[in-house]
Every structure is written in C-alpha cells, then in structure tokens.
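# Results of the structural survey
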Amino acid sequence: MSAVSCLLTEHQFLCSICLDVFTDPVSTPCGHNFCKTCITEHWNINVPYQCPNCKKVFYSKPELQVNTFISEMAAQFRQSAQQKASSSSSEQQAAKPGEVPCDVCTGTKVKALKSCLVCLASYCETHLEPHLTASRLKRHQLIDPVENLEGRMCTKHDKLLELFCKTDQMCVCMLCTVLDHKTHDVVPLKEEYEGKKAELGKTEAETQQMIQKRRLKIQEIKRSVELSKEDADREIAGGVQVFSALKESVERSQAELIDTIKEKQRETEKQAEGFIKELEQEISELKKRSSEVEQLSRSEDHLHLLQSLPSLNAAPPTKDWTEVSVRPPSYEGTVRRAVKQLEETLSKQMKKLLEAELKRVQQYAVDVTLDPDTAQPWLILSDDEKQVKHGDIKKNLPDNPERFFPYPCVLAKQRFSSGRFYYEVQVKGKTDWDLGVARESINRKGKFTMSPKDGYWRLCLRNENEYSALADPPVRLSLKSQPEKVGVFVDYEEGLVSFYDVDTAALIYSITGCCFTEKLYPFFSPCNNDGGKNSVPLIISPVNHTE
C-alpha cells in the first residue's frame, strides 16, 4: 500500500473544497471525492445539490458513505507527508525575527517562500508544492510572503479585497461593488496596482532626477566655493604684494628724505668746521705775534727795542670775517617733493591695479547686438546691429509694446538673469549719450523717469562734459579726461553695475546695492541729433583684452 501511495501525486489526496488531505473521504455518484464534512456543508448551503468539480446536479441529496480505500491511502499519504515535512523542516532554517513563517509547519516554523491570497496562508518551500502542481491551486494568486493576510479581507463582508474603488480611493471586495460602491468607478486591484506602480516608477524616476540635480548642485556649489577660495587667495596674494611694494616704497622714500636732510646737515657742519679751523689758525698766529709784541714792549733798553722792531714778524695775513657766517640749510619743499615722488609711485601702482581690474572684468565679455524691435522710430541702426544714431526722419514702424517712444532708446537682444557680463561701447565724438542696463518690465511709452527704482541703471553725458551716474540718488562726476570708449560690467548676484574708461583703464563709477529680480538688457541711448552736433553713432566694439 505504501508503495502504491508513493506512485500517486500529492494533489490526488487533496479535497478540492478545503484543499487539504482528505478526512473521512466520500465519493459522489459522479465519482469525485471530498471530505465528508466539506461536501455536507457545501450541500447545506447550495441548493440544488451539485458536484463542485463536474457541476453535475443531483435532484435528491445522495447518501454518502466513507470510502475506506481512499481513507487508508490518504492516511498513509498524510503520515508520509508529515515525515517528509519534518525532514525538510529540519534541513531548512527556522524563520528569523522579521521574516514571515510558514503557517503549515508544525514545531519549527520555517521561513515562508510565498503567501496565497486565496488561502490567506503563507507556505514554505515544502508546503508550497501543492500550489505549484495541483491544477486547481495553480490558479491561486501567490505573492512574496507577507504577514497579516487577514488584513487583505473586507472587514464588512469577510471577502477578499480584490477590487479598487477609484471614487473613494479604497480597496473593496466583490460584495462592496453591489452594495456600498454600486455606482462608483471600480477596477480590478491588479489594474489599479499597475497604474499606481507606473506612477510610482515615474515618481521614483523624478525623485532620482531631483536627487541627481541636487547632487550636481552640491558639486556646483562646492566648485564655486573652491573657485571663490582660489580667487580670495589670489586677491590676498596680490594685495599683500601691492601693499608690500607700497610699504617698501614709503620706507624707501622716508629713508631718502632722511638721507637728504642729513646730507645737508653734514655739509653745513663741514662748512662750519672749516671756518672754525681757519679762525683757530688765525688766532694761533695772532697770539704768537701778541706774545712777541708784549715781550718787546716790556724792554727798558731803548737801543734794543729800536733795533728789534725791524726784525719783528710782519702781521700775519687775516681774513675779513665780517660777512662770513654759517647759514642753516633750507628744508623748504624737501618733504613735499618726497611725498610728490611717492604720489607718482602710488599713481603708477594704482594704474597697474586698474588695468588688472579691467582685465578681470573683460573676461566676462559677451557679444551684444541691438534689437530693432525696441528702437525708437527716429533711431538708425547699422546692418550688423552694432551701431545706433539719431536721425531726422521718423520711420514708419509698428508701435509694438517693446518699442521706445518718444525717448531715443534701444535695448540689446541679449538678456541676462544671473552671473556676470561685460561689453564696450565707443562714445568718441558724441556730446550726449546714455549707457547701462534696464530690467525687462521697464516702462517704454510716454514720459517716464529712468532711475534705478524705475528699472534703469546708467551713466550719461550731457553738454559735452557733464557726466552723471544715475544711481539713487544721482551723482555728478568730475573726470580728468573724457572717455572715448566705455566698458559696462554687471554682476547680477552682487547687485553691481560698473563703468570703465577703457583707454585709461580707469573706473568711472560703480553703482552698488542694486536689487536685480528680473532679466536685464544692455541699454543704449545716442540722444537727439541736436542739429548734427551729436550725429556720431554709439558703436558696440569688440573687446580687446587689456595686456
């Protein structure tokens, strides 16, 4: 018998109702076998009496007797399966904390391999075999092992949650769809799962993209900090070098001043020493003569005195010291000349610094062209859109919102919303002009002011030599020379607009503390022709980097 049972497959000993090994198996008139309790309860609920397998209908309830042969076979198979399970369980490791245990294992609970959503049970590899071999069990939905399978049942109807109500955004059972969610949009759980999974996949991709962007931003910020440190170190080194040179220059000038004054003092002392030495020599000669005269004058011998007078030394030659004097040297202008020389040195050093600064901002040079759609109708633009001047004839142009009227202004095509940029404009020969930047939302029609609060930051010339920086408030400027080419530099984040005299590398003026929140456009105004006095065009020039 045992040998025969080994030739039969496991699913042949399972009741198709309880899906477990037969207990008191009985046979229906159609030849199918069930647990006596299972088929009895099934027929107590379902009328008419029907075979659960072949659906054959019996008009009267069949009288069922236990099939002793199948009962013995099932008992032997159950014993064999228990022995096999016990042996397999001993080979497999017990479920660890956090892992889902098999619901069928007795004694040591082995880690579950799958959970069945129909049986609401989890199975290890051994007890999962019927679901992989029995044709009826193969239709069951298996998932990765999960705990609390009861939570997958509808608490209201005790049915499997296999549908999703899109109206109420909740999982429902089949009975829910005909009762509480009758008119709602209900789809199979799998369909909603696939949709949501696709959305999660998209969300995950978007999240990963956001993470990647932020990682790149971190790298960008770190790189900016590195560049900033390099710039700071370079500026510190350059500043230390400049101030060291200035310090050495000051100390050298001070030493030269002291040496000059001391040299004059030494010359005065030397002259005085010469005079004193000469006077002392004359005094010595005069003392000697005085002694001889005094000695002779004491003689009482008339003859001797008279005979000795001719031999008395003639009076020594002496200088007329009446007009001789030692005058203290004049130090008038000595310090001034030294400071003047130092000032020239500082001026040369300042020129080098300005040239270096201009060279740095020229690194941010951009190609700028004029936008004809913004030009006032009297303005004349060159074919390459690099020059603009005021004409005497108004052109018939569409009055689009971007165009200036009536002021003679024009914007560049290029716009900037971050970073730094620089461009140069030739203004040679003009008596009036405006240069700078303007924000995108500026007023361009009618009468309006062009101040920073209105979105304009500019430098202007009026009446040939009246320069002004239109900051807040405006600043009148006094320039040593009239610039022929003006460089415009903007640092968006720093809120800075600086104007340079390109030929002398001098900083004309910097408008600081600007608040930029919109796109900025380079701004130009050649001003009115003024009867031909101001007919020269503004010319956007290529940037020749300062050597």
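Up top is the structure.
All values derive from a computational prediction rather than experimental measurement. (Residues numbered from 1 in each chain as written. Predicted model: local features only at pLDDT ≥ 70, side-chain atom pairs only at ≥ 80, totals over all residues. Heavy atoms only, no water.)

Within strand β20 (residues 496–501), six of the six residues are buried, which leaves the element mostly enclosed by the surrounding structure. Strand direction decides the pairing type here: strand β19 (residues 485–491) and β20, joined by six bridges, are antiparallel. If you follow F489 over to β20, its bridge partner there is S498. From the end of β19 to the start of β20, which pair antiparallel, there are four residues, and G495 there has a positive phi angle of about 70°. Note: β20 against strand β21 (residues 506–511), five bridges, orientation antiparallel. (Buried < 20%, exposed > 50% of the residue type's maximum accessible area, 1.4 Å probe, protein only. Helix = DSSP H or I, 4+ residues; strand = E, 2+ residues; numbered from the N terminus. Pairing = 2+ DSSP bridges.)

Read across the open sheet, the seven strands follow the order β11-β12-β23-β14-β19-β20-β21; overall the sheet is antiparallel. This sheet does not close on itself; its edge strands, each paired only once, are β11 (379–381) and β21. Ignoring strand direction, the axes of neighbouring strands in this sheet form an average angle of 20°. Bridge count between strand β14 (residues 420–426) and strand β23 (residues 538–541): three bridges; the pairing is antiparallel. Bridge pairing in β23 places E424 opposite S541. Of the strands in this sheet, β14, β19, β20 and β21 touch helix α8 (residues 334–362), which is tilted by about 110° from β14. (Axes fitted to C-alpha atoms, helices over the stretch in contact; angles between N-to-C directions. Contact = heavy atoms within 4.5 Å.)

All right, on to the nonpolar core then. Core analysis: the biggest nonpolar cluster contains 36 residues, and W433, V497 and F524 have the highest contact counts within it. Apart from the residues within four sequence positions on either side, W433 is in contact with V427, L459, C460, L461, R462, Y467, V486, S525, C527 and L538. Counting 20 residues, the second-largest nonpolar core is a separate cluster that includes C15, F22, M73 and F77. (Core = buried A, V, L, I, M, F, W, Y, C linked by side-chain atoms within 4.5 Å.)

It is worth spelling out the layout of surface pockets at this point. Approximately 590 Å³ is the volume attributed to the second largest pocket. Along the wall of the second largest pocket there are 19 residues; nearest its centre are D231, R360, Y364, R420 and F489. For the lining of the second largest pocket, the secondary structure elements donating two or more residues are α6 (189–297), α8, β19 and β20. In terms of residues, the lining of the second largest pocket owes the most to one element, α6, which gives five residues. Its residues placed into classes, the lining of the second largest pocket shows seven nonpolar, four polar and eight charged. (1 Å grid on protein atoms, 1.4 Å probe; cavity = no way out; pocket = protein on both sides within 12 Å on 5 of 7 lines; lining within 4 Å. Points joined across faces, edges and corners; volume = space filled by probe spheres on them. Nonpolar A, V, L, I, M, F, W, Y, C, P; charged D, E, K, R; others polar.)

Moving on to the packing of α6 against α8. Axis angle and axis distance: for two packed helices, these are the angle between their axes and the distance between the axes, and together they describe the pair. Relative to each other, α6 and α8 sit at 165°, their axes nearing to 9 Å. Classified by the interaxial angle, the pair formed by α6 and α8 is roughly antiparallel. Helix-helix and strand crossings are classified by hand; for α6 and α8 the assignment is right-handed. On α8, the residues that touch E235, V242, L246, S249, V250, S253, E256, L257, T260, I261 and K264 of α6 are T334, V335, A338, Q341, L342, T345, L346, Q349, L353 and R360. (Parallel < 35°, antiparallel > 145°, perpendicular 65-115°, else oblique. Left-handed = near helix turned anticlockwise from the far one by under 90°.)

This brings us to α6. Its 109 residues give α6 an end-to-end C-alpha distance of 156 Å, which sits within 8% of 162 Å, the value for a rise of 1.5 Å per residue. Those residues of α6 lying buried are E192, V242, L246, S249, S253, L257, T268, A272, E282 and L296. On its buried face, α6 is in contact with β8 (163–165), β10 (186–188), α7 (302–308) and α8. (Expected span 1.5 Å × (residues − 1).)

Once that is clear, we can look at the side chain of H181. With respect to the secondary-structure elements, H181 resides in the loop between α5 (174–178) and β10. The class for H181 is buried, based on a relative accessible area of 6%. Setting aside residues up to four positions removed in sequence, H181 forms contacts with C165, D168, M170, V172, C176 and V186.

Here Y521 is to be found in strand β22 (residues 520–525). With a relative accessible area of 11%, Y521 lands in the buried category. Counting along the chain gives 65 residues from Y521 to Y456, while the straight-line C-alpha distance between them is 9.8 Å. Discounting residues that sit within four places of it in the chain, Y521 has contacts with L411, A412, K413, Q414, R415, G436, V437, A438 and E440. There is a polar contact of 3.3 Å between the side chain of Y521 and the side chain of E440. (Polar contact = N/O pair within 3.5 Å; in protein donor to acceptor, adjacent residues only side chain to side chain.)

Another point: the pairing of strand β17 (residues 466–470). Two faces make up the sheet, and in a regular strand the side chains alternate between them. Counting buried positions along β17 yields four of five residues, so the element is predominantly enclosed. Bridge analysis of strand β16 (residues 456–462) against β17 gives five bridges, and the strand direction is antiparallel. For R462, the partnering residue across the bridge sits in β17 and is E466. Relative to strand β18 (residues 475–477), β17 is paired through three bridges, and the arrangement is antiparallel. Each residue of the ladder has a partner; that of S468, found in β18, is R476. As consecutive antiparallel partners, β17 and β18 are separated by four residues.

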